[in-house]
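One-letter residues, chain by chain:
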Amino acid sequence: MKTALTIAGSDSSGGAGIQADIKTMTMNGVYAMSAITALTAQNTTGVTGILESTPEFLKQQLDAIFTDIFPDAVKIGMVSSSKLIHEISEALKFYGAKNIVVDPVMVSTSGSRLINEDAVETLTKELLPLSILATPNIPEAEILSGIKINNRDDMLKAAEKINTDFGCSVLVKGGHDVNDANDLLCSGKNNFKWFNGKRIATRNTHGTGCTLSSAIASNLAKGFSLEDSVERAKEYISGALGAMLDLGKGCGPMKHNFNLSGKFAE
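A brief report on the enclosed structure follows. Here the structure is a predicted model, which means the values were calculated and not measured. (Residues numbered from 1 in each chain as written. Predicted model: local features only at pLDDT ≥ 70, side-chain atom pairs only at ≥ 80, totals over all residues. Heavy atoms only, no water.)

Right, let's talk about the environment of Ser-81 for a bit. Summarising the element assignment, Ser-81 is placed in the loop between strand S4 (73-76) and helix H3 (82-95). Here Ser-81 falls in the buried class, since its relative accessible area comes to 10%. Separated by 38 residues in sequence, Ser-81 and Ala-119 place their C-alpha atoms 5.1 Å apart. With residues up to four places along the chain from it excluded, the contact list for Ser-81 reads Glu-52, Asn-116 and Ala-119. Side-chain polar atoms of Ser-81 contact the side chain of Glu-52, separated by 3.2 Å. (Helix = DSSP H or I, 4+ residues; strand = E, 2+ residues; numbered from the N terminus. Buried < 20%, exposed > 50% of the residue type's maximum accessible area, 1.4 Å probe, protein only. Contact = heavy atoms within 4.5 Å. Polar contact = N/O pair within 3.5 Å; in protein donor to acceptor, adjacent residues only side chain to side chain.)

On to the nonpolar core, then. Leu-5, Leu-62, Val-74, Ile-76, Ile-88 and Leu-92 are the most contacted members of the largest nonpolar core, which totals 42 residues. At six residues, the largest contribution of residues to this core is made by H3. Setting aside anything within four residues of it in sequence, one finds Ile-88 in contact with Ile-7, Thr-37, Leu-58, Leu-62, Ile-76, Val-79 and Leu-127. Residues Ala-73, Leu-133, Ala-215 and Ala-217 belong to the second largest nonpolar core, which totals 24 residues. (Core = buried A, V, L, I, M, F, W, Y, C linked by side-chain atoms within 4.5 Å.)

The next subject is helix H2 (residues 55-66). Under the 1.5 Å per step criterion, the end-to-end length of H2 is 16 Å for 12 residues, consistent within 8% with the ideal 16 Å. Considered for burial, the residues of H2 that qualify are Pro-55, Leu-58, Gln-61, Leu-62, Ile-65 and Phe-66. Summarising the axial view, the buried residues of H2 lie within an arc of 120°, below the 170-degree limit, and thus occupy one face. Counted as exposed and oriented over 90 degrees from the buried face of H2: Glu-56 and Gln-60. Buried residues along H2 sit against strand S1 (3-11), strand S2 (31-43), S4 and H3. (Expected span 1.5 Å × (residues − 1). Arc of directions from axis to C-beta.)

Burial runs high along strand S8 (residues 183-188): five of the six residues are buried. Across three bridges, strand S7 (residues 169-172) lies against S8 in antiparallel orientation. Within S8, the position partnered with Val-170 by the bridge is Cys-186. Judged from the five bridges that link them, S8 and strand S9 (residues 191-195) form a sheet pairing that is antiparallel. Each bridged residue has a counterpart across the sheet, and for Cys-186 the counterpart in S9 is Phe-192. In sequence, S8 turns back onto S9 through a hairpin of two residues, with Asn-190 there showing a positive phi of about 60°. (Pairing = 2+ DSSP bridges.)

Here the focus is the packing of helix H7 (residues 208-221) against helix H8 (residues 226-242). Running from N to C, H7 and H8 cross one another at 135°; their axes reach a closest spacing of 8 Å. As summarised for this structure, H7 and H8 are arranged oblique, according to the angle between their axes. Crossing hand, H7 versus H8: right-handed. Every residue of H8 that contacts H7 at Thr-208, Thr-211, Leu-212, Ala-215, Ile-216, Asn-219 and Leu-220 is listed here: Leu-226, Ser-229, Val-230, Arg-232, Ala-233, Lys-234, Tyr-236, Ile-237 and Leu-241. (Axes fitted to C-alpha atoms, helices over the stretch in contact; angles between N-to-C directions. Parallel < 35°, antiparallel > 145°, perpendicular 65-115°, else oblique. Left-handed = near helix turned anticlockwise from the far one by under 90°.)

Attention shifts here to the packing of aromatic side chains. Scanning the entire structure with this criterion turns up three aromatic pairs. Judged by centre distance (5.3 Å) and plane angle (75°), the rings of Phe-66 and Phe-70 are edge-to-face. Phe-70 gets classed as partly exposed once you look at its relative accessible area, which sits at 32%. Plain terms: the ring middles of Phe-94 and Tyr-95 are 4.9 Å apart, the flat faces sit at 90° to each other, and that makes the pair edge-to-face. (Phe/Tyr/Trp six-rings, centres within 6.5 Å; stacked < 30°, edge-to-face > 60°.)

Turning next to a nonpolar patch on the surface. Residues Met-1, Tyr-31 and Ile-69 make up a contiguous nonpolar surface patch of about 340 Å² in total accessible area. Turning to its location among the elements, Tyr-31 is positioned in strand S2. Given the relative accessible area of 41%, Tyr-31 is considered partly exposed. (Patch = residues over 30% accessible without salt bridge, like charges linked within 9 Å, V, L, I, M, F, W, Y side chains within 5 Å. Areas by Shrake-Rupley, 256 points an atom, 1.4 Å probe, with all protein chains shown as cover. Salt bridge = Lys/Arg side-chain N within 4 Å of Asp/Glu carboxyl O.)

Right, let's get into the sheet that holds S7. Strand order in the open sheet made by the nine strands is S3-S2-S1-S4-S5-S6-S7-S8-S9, with mixed pairing throughout. Of all strands in the sheet, those bounded by a partner on one side alone are strand S3 (46-52) and S9. The sheet contact formed by S1 and S2 spans nine bridges and is parallel. For Asp-11, the partnering residue across the bridge sits in S2 and is Thr-40. Against the sheet, helix H1 (residues 17-27) engages S1, S2 and S4, with an angle of about 150° to S1.

Purely spatial values, then, with no claim about function.
Have a look at this one:
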């Protein structure tokens, strides 16, 4: 069985972070493992507290995973400090990790900041050059590229700059009023592909970034190409959003198990 590791923060409400990643990886047919960078106290309305793992304990988690069940892909989500990012990059290099997908989580869906200012620079210098793909949303792509994104042409410019500056492919996620859920993949100079999507009318989008990056990593682990992995991941997330799960008082979670069937699920 193929395996995938998520390195991210825990979401106590279950809609994002480690919890969303494990659900997504399981539903996409791989064995999921986790290394937790932080505990968060959060729900659908916001984040009320963050308790960060120590670098030493994060290293112990990574060593335990890589020396036993080696992951076929690695997804990296919320990492709030430079020390933790450095620990992750050292482990990935030491163990020769493959199929690394970085979701540069900077702000939660509810608007809470999830990364320190200095950690952004460390992430770009130490993690992005190791990755096969980065998956920023529009605000994150603006930070990484230094380009204000107002339209599709701006997305093209920002994606190419991120690819050039950091040496990884980049999937700039649409939405945020720029286009109708169309994502742009840049895999090199003048090497672009649009993945068109239909905006689904729901407020329950908590954890969409975590879910998309985990689905991509899962498909890479199974041996699909980068383009096919993105295509399959977008189809999965559309199904999870379209299932119209409605939980919580704020921006609720998706139904990750929308396609779950069998007697054990009844």
